[in-house]
There are 2 protein chains.
Amino acid sequence: MTASLSQLLTIEEFLKLPYIEASPAWEYSHGVAIQKPMPSTRHAVLQKRLLTEVDKHSQAYTALPELRCTFAGRSIVPDIAVIAWERIQVNEAGEPEDHFMQAPDWVIEILSPNQKPNRVIDNLLHCIRNGSRLGWMLDPDDYSVLIFVPHQEPNVCRGNCPLQLLEGIHLELTSEQVFSCLQIDKR
Amino acid sequence: MTASLSQLLTIEEFLKLPYIEASPAWEYSHGVAIQKPMPSTRHAVLQKRLLTEVDKHSQAYTALPELRCTFAGRSIVPDIAVIAWERIQVNEAGEPEDHFMQAPDWVIEILSPNQKPNRVIDNLLHCIRNGSRLGWMLDPDDYSVLIFVPHQEPNVCRGNCPLQLLEGIHLELTSEQVFSCLQIDKR
């Protein structure tokens, strides 16, 4: 189960809480702080698979796990945030700034058992309404991906349906291929 | 957990299975027969609340629980199907025909624990792509409603956000009001 704080907070108060970067990280929306669920092995395997695939096939973008993204009144920590390199601000030492204050270009969430799907979907909708061009929610028990793009009906992809990707990522990927990484016998 | 048949079927074969109207009912999509989950008490309370509210505020529509709707290659049994009276065909005795072969005007699903959210969402999307004008998915653990209308991003409503209804249903309803029926102490 996920933990949540019962008191209402402003986003400034939330960002000052000492433990929000604990593992699992805490997120903020609608005045409420909620801890992400503890990831399972299946979750970790899927997360690593997608990180690797996206990075391997893209020069312009980087895929980052558990990056805090704070924008438009929420502070979320997507399982994977895919961001154009040129949008990542660097500090004087030439290294990335610690806080990302915009919507990622593409957000990927992997549903965990006991996680509330409408809450995950709500965060994905927040992203595509505030600058993200693509959002995915993987349902590992259904072997399917729910895909959001702005101003459209979402779409559920399963089997050999090709998954919608960002332009500039040169990859063809089906649901079947994504979830095949769970078959660790067949590596 | 939900049961499913491992063999692929045509929809005609599915509809001839002797047990599909067992409780919980079986549904059919993508060649696969899947049994709905056993409803919990919270599910039953929410279902009754919505049936009553919709029926009380509408002359033109009727809200029906667990009605089999077979159309566009699937056979689904929504928790609630809201249908215009004029669309319900009657037999020679003046009673409703047993099989409804179109998309309901409004489809409501109440997510059960262990139910696969992407599968439920996929059925709601099937409805709004094939004639339904409104689809709701209640997430009782999140006290929120995910709302689908054709050709648009969905929307998650919680708290005192007014829920989108069909025209002709004279009702104002918020998420808070819907889920308040779970507080049986406060009846």
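Okay, so let's go over this structure. (Residues numbered from 1 in each chain as written. Chains lettered and ligands numbered in written order. Predicted model: local features only at pLDDT ≥ 70, side-chain atom pairs only at ≥ 80, totals over all residues.)

Once that is clear, we can look at the overall build of chain A. From N to C terminus, chain A includes four helices and 10 strands. The order of helices and strands in chain A, counted from the N terminus, is α-β-β-α-β-β-β-β-β-α-β-β-β-α. For chain A, the C-alpha atoms occupy an extent of roughly 45 × 40 × 35 Å along the three principal directions. Sequence-distant contacts in chain A: of pairs separated by 6 or more residues, those separated by 24 or more amount to 53%. (Helix = DSSP H or I, 4+ residues; strand = E, 2+ residues; numbered from the N terminus. Contact = placed C-beta atoms within 7 Å.)

Bringing the pairing of strand β6 (residues 80–84) of chain A into the picture now. Residue and element names in this part refer to chain A. In terms of burial, β6 is a largely internal element, four of the five residues being buried. Two elements, β6 and strand β7 (residues 106–110), share three bridges in a ladder whose sense is antiparallel. Looking at β7, one finds that A81 is bridged to V107. (Buried ≥ 20, exposed ≤ 12 C-beta atoms within 10 Å, placed from the backbone. Pairing = 2+ DSSP bridges.)

In this section: the sheet that holds β7(A). Residue and element names in this part refer to chain A. Reading across the sheet, the six strands line up as β3-β6-β7-β8-β9-β10 and stay open at both edges, with mixed pairing between neighbours. Both edges of this open sheet fall to β3 (61–65) and β10 (155–158), since each of them pairs with a single strand only. Put simply, the sheet's adjacent strands are angled 20° from each other on average, direction ignored. Of the strands in this sheet, β3, β6, β7 and β8 (134–139) are in contact with helix α2 (residues 41–56), which crosses β3 at around 165°. (Axes fitted to C-alpha atoms, helices over the stretch in contact; angles between N-to-C directions.)

Let us look at the interface of chain A and chain B. Across the boundary between the two partners, chain A contributes 20 residues, which contact 20 residues of chain B. Per element, the largest residue contribution to the side of chain A that touches chain B is seven residues, and it comes from helix α3 (residues 117–129) of chain A. Each residue belonging to the side of chain A that touches chain B can be placed in one class, and the counts come to nine nonpolar, four polar and seven charged. (Nonpolar A, V, L, I, M, F, W, Y, C, P; charged D, E, K, R; others polar.)

Another point: the sheet that holds strand β9 (residues 144–148) of chain B. Hydrogen bonds between backbone groups are what pair the strands of a sheet, and the pairing can be parallel or antiparallel. Residue and element names in this part refer to chain B. In spatial order, the strands read β3-β6-β7-β8-β9-β10; together these six strands make up an open sheet with mixed pairing. Across the chains shown, the open sheet's two edge strands, defined by having one partner strand only, are β3 (61–65) and β10 (155–158). Geometrically, the sheet is characterised by an average inter-axis angle of 20° between neighbouring strands, direction not taken into account. As judged from the four bridges shared by β9 and β10, these two strands associate in the antiparallel manner. If you follow S144 over to β10, its bridge partner there is R158. Relative to β3, helix α2 (residues 41–56) is tilted by about 165°, and along the sheet it contacts β3, β6 (80–84), β7 (106–110) and β8 (134–139).

A word on the relation of the copies chain A and chain B. Between the two copies of the chain lies a relationship made up of a rotation around an axis and a movement along it. Superposition of chain A onto chain B requires a rotation of 180° combined with a translation of 0.0 Å along the rotation axis, giving an RMSD of 0.0 Å. Both copies of the chain, as the preceding transformation shows, are related through a two-fold rotation axis. Of all interface residues in chain A, 100% are interface residues in chain B too; the two copies therefore contact each other through one and the same surface. (Least-squares fit on C-alpha atoms with pLDDT ≥ 70 in both.)

Residue and element names in this part refer to chain A. The buried fraction of β8 amounts to six of the six residues, a majority that puts the element mostly inside the structure. Relative to β8, β7 runs parallel, the two sharing five bridges. Its bridge partner being in β8, E109 is matched across the sheet by M137. This β-α-β element, β7 to α3 to β8, shows right-handed connectivity. Bridge count between β8 and strand β9 (residues 144–148): five bridges; the pairing is antiparallel. Paired with G135 across the strands is F148, a residue of β9. With antiparallel pairing between neighbouring strands as the criterion, β8 and β9 make up a hairpin whose turn holds four residues, including Y143 at a positive phi of roughly 50°. (Right-handed = clockwise from strand over helix to strand, strands pointing away.)

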